[in-house]
Amino acid sequence: MKIRKGDTVQILIGKDRSRRGKVVRVLPKTMRVVVEGLNMRKKHTRPRRQGEKGKIIDFPAPLPMARVGLICPHCQKRIRVGYRLLADGRKERRCRKCDGSIN
Ligand SMILES: [Zn+2]
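Conventions used here
Residues numbered from 1 in each chain as written. Predicted model: local features only at pLDDT ≥ 70, side-chain atom pairs only at ≥ 80, totals over all residues. Heavy atoms only, no water. UniProt positions renumbered as here; feature names shortened; annotations may be inferred. Pairing = 2+ DSSP bridges. Helix = DSSP H or I, 4+ residues; strand = E, 2+ residues; numbered from the N terminus.

- Within an unreviewed UniProt entry, the label attached to the protein chain reads Large ribosomal subunit protein uL24, and the organism entered is Candidatus Uhrbacteria bacterium RIFCSPLOWO2_01_FULL_47_25.
- Per UniProt, the protein chain carries the Subunit (unreviewed entry) text "Part of the 50S ribosomal subunit."
- Per UniProt, the protein chain has the following entry under Sequence similarities (unreviewed entry): "Belongs to the universal ribosomal protein uL24 family."

This is the structure:
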């Protein structure tokens, strides 16, 4: 998974195009991500109990990972992710533009 929770991404297409936000959830099964404050949808709820009113709730909807680009925390550019093998055998994500490591 190239995008992880906590990453900053930029929306590439759709109504929020070019806006940036933080990834709050990654849904690997559907290859989607939820970005804080972006791709907002309204959800209408019915009154559950007597005397309660139905509400309209704004929430960020999952969007396909292919529609977002990762922003490098070092160079602030929209980048492609590369990997580097560490001495202990673990893989580390890195920026292909500035070569900085991403968590
Ligand atoms: Zn970079």
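### Points about the sheet that holds strand S10 (residues 91-95)
- Strand order in this open sheet of 3 strands is S9-S10-S11, and the pairing throughout is antiparallel. Since the sheet does not close on itself, it has two edges, and those belong to strand S9 (81-85) and strand S11 (101-102), each with one partner.
- Of the pairings in the sheet, the one linking S10 to S11 comprises 2 bridges and is antiparallel in character. Within the sheet, the bridge partner assigned to Arg 93 lies in S11 and is Ile 102.

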